[in-house]
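# Summary of structural features
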Amino acid sequence: MKRQGVSRRLIGLLIAGVALIALYQIGVLAPIVGGLTYVTKPFQGAVSAVGGSTGNWLGVVGSVGQLGDENQQLKAEVAALRQKVSQDTELKAQNDELRRQLGVGSIQPDRLIAAEVIGYQPDNFRQFITIGRGSRDGVKPGMAVVQQGALVGIIQDVGPTTSKVFLIIDPNFRVAALDQDAPGRPSGTIRGQIGNGLILDKVAQTDTIKPGDTIVTSGIGGNIEKGLIIGRIQTVDKQDNGVFQTAQVTSNIQFGRLEIVYVVVRPQ
Amino acid sequence: MRFLGGGAVILAAALMQVSWFGHVRPFGVIPNLVLIAVVLIALWYSATAALAAALGGGFLLDTASGSDFGLRMGFFGVVALAIVAGRQLGLNAGSAITGLVSVAVATVLYNLAALIVLGAGPSLIVLGRVGTELICNLIITAVIFIIRANIGTKAHTPLEPGGLR
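In this text, all values refer to a predicted model and were calculated from it rather than measured experimentally.

Let us now look at the overall build of chain B. In terms of regular secondary structure, chain B is built from six helices and zero strands. When the helices and strands of chain B are read in sequence order from the N terminus, they spell out α-α-α-α-α-α. Taken over the C-alpha trace, chain B has a radius of gyration of 15 Å; the compact-globule value for 165 residues is 15 Å, and the two agree within 12%. Overall, chain B is about 40 × 30 × 30 Å in size when its C-alpha atoms are taken along their principal axes. Here chain B, with 165 residues, has 55% of them falling under the buried criterion. Look at the contacts in chain B between residues 6 or more apart in sequence, and 73% of them connect residues 24 or more apart. Working note: accessible area of chain B is about 6800 Å², and carbon and sulfur atoms make up 76% of it. Between the averaged position of the 8 positive side-chain charges in chain B and that of its 4 negative side-chain charges there is a distance of 10 Å.

Pasting the structure below:
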């Protein structure tokens, strides 16, 4: 008799589990999931903040020997960037003047919404993060998410107070990209791969791409705007009998240590 | 009361897994705390508690995840039922070896299922990640067994062969 009761409870639980999956797939569960994330968001934020501090501390301890070299490298990079900013300011002034003379409206800068990373994908192959900003803050699916001016991913699901970001290093992520430094700015597709690397694929054999080139989004075939930095080419794989060449691309972003990211809102 | 305690453990494990371990990543991977909790609850408590923990923990991870909703609920449910079936067949649920082997098998199978859903093949990086996660999960499980032995928690509730609770 008792055993029958337990069996009934187990069958009931199994039916409830299957029903939950089915209801989620048809979207009925969205308000419940939204409510759950709303309730758990403060706890996730707090635990995430502690985890971020611990991760940073462990990172510093682990890399203390390389800090000197890294410091020199960063100083050189800052000097180069200052020079580039100066040139860009001049170019912007010229561009504004030409646009004014042609009667074309001036370009509005993108608005950035800062968002705290409150959760990561709970396993080791797919790559998503949860951020503490949602539709109430103006976040919409398809918006680009950046950090240090480089593309982190795109908004996939949006709840009232949280959103899920599909990271560019996910094996299923694809975005159209171009080589900013190569002659003719050849285009291709960036895809993620397991192990946090990026591959630039579908680049024509006739195009010349080389290590060190900067890869940016091309703005083709999606909501992601043109010109967001993805990374730099590390190595090029060009085979004589291949239709396309591929390149290994590395991003400067440490995807395992994201704490604050920025959602890009394009001006209407 | 015990049910609430189990729920709190699963909730805490899910929070730690997606938020704290997401940042800290020992050896570059995120240990699967919820999977460990589900395996140990299935070994130590009743069949109903095991399935409820599996479905609840799976649901929490599925909602936190950006992909494959239902994978974790389904997999954890199968793991819980398999362990309960093993206990009915006389598995020594209180032994640390049983716990470690169960967590190891569940970790490998879970990653295999995730890779099949993703459509990815085996590679050195994949094997390295699964191996590292396996080691992390085993260390955490061993620590839980040591703590449990030292605080003198009473032994698991045995299931009679063929019996359910």
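So much for the structure itself; the text now carries on.
Residues and elements named next belong to chain B. It is at 9 Å that the axes of helix α5 (residues 96–118) and helix α6 (residues 124–150) come closest, and there the two elements cross at 150°. With respect to each other, α5 and α6 are oriented roughly antiparallel. Relative to α6, the crossing made by α5 is right-handed. Residues A96, G99, L100, V103, A104, T107, V108, N111 and L115 of α5 touch α6, and the partners they reach there are V126, V130, E133, L134, N137, L138, T141, A142 and F145. Considered class by class, the residues forming the contact of α5 with α6 number 12 nonpolar, five polar and one charged.

Of all residues in chain A, 95% have pLDDT values of 70 or greater, and the mean over the chain is 85. When the elements of chain A are averaged for pLDDT, helix α2 (residues 30–62) of chain A gives the smallest value, 77, and strand β5 (residues 163–167) of chain A the largest, 93.

Here we come to the packing of aromatic side chains. For the structure on display, the rule yields nine aromatic pairs over all chains. Ring plane angle 65° and centroid distance 5.3 Å describe the contact between A:F166 and A:F173, whose orientation is recorded as edge-to-face. Each member of the pair, A:F166 as well as A:F173, carries the same accessibility label: buried. Here B:W20 and B:F21 contribute two aromatic rings whose centre-to-centre distance is 5.0 Å and whose plane-to-plane angle is 80°, an arrangement assigned as edge-to-face. Cluster of aromatic residues (ring-pair linked, three or more members): A:Y24, B:F59 and B:F69. Positioned over the ring face of B:W44 is B:R148, at 3.6 Å from the centre of the ring.

Reading the values: rules and limits
Residues numbered from 1 in each chain as written. Chains lettered and ligands numbered in written order. Predicted model: local features only at pLDDT ≥ 70, side-chain atom pairs only at ≥ 80, totals over all residues. Heavy atoms only, no water. Helix = DSSP H or I, 4+ residues; strand = E, 2+ residues; numbered from the N terminus. Rg over C-alpha atoms; globule rule 2.2 N^0.38 Å. Buried < 20%, exposed > 50% of the residue type's maximum accessible area, 1.4 Å probe, protein only. Contact = heavy atoms within 4.5 Å. Areas by Shrake-Rupley, 256 points an atom, 1.4 Å probe, with all protein chains shown as cover. Lys, Arg positive; Asp, Glu negative; His and termini not counted. Charge placed at Lys NZ, Arg CZ, Asp CG, Glu CD. Axes fitted to C-alpha atoms, helices over the stretch in contact; angles between N-to-C directions. Parallel < 35°, antiparallel > 145°, perpendicular 65-115°, else oblique. Left-handed = near helix turned anticlockwise from the far one by under 90°. Nonpolar A, V, L, I, M, F, W, Y, C, P; charged D, E, K, R; others polar. pLDDT = per-residue confidence, 0-100. Phe/Tyr/Trp six-rings, centres within 6.5 Å; stacked < 30°, edge-to-face > 60°. Lys NZ or Arg CZ within 6 Å of the ring centre and 35° of its normal.

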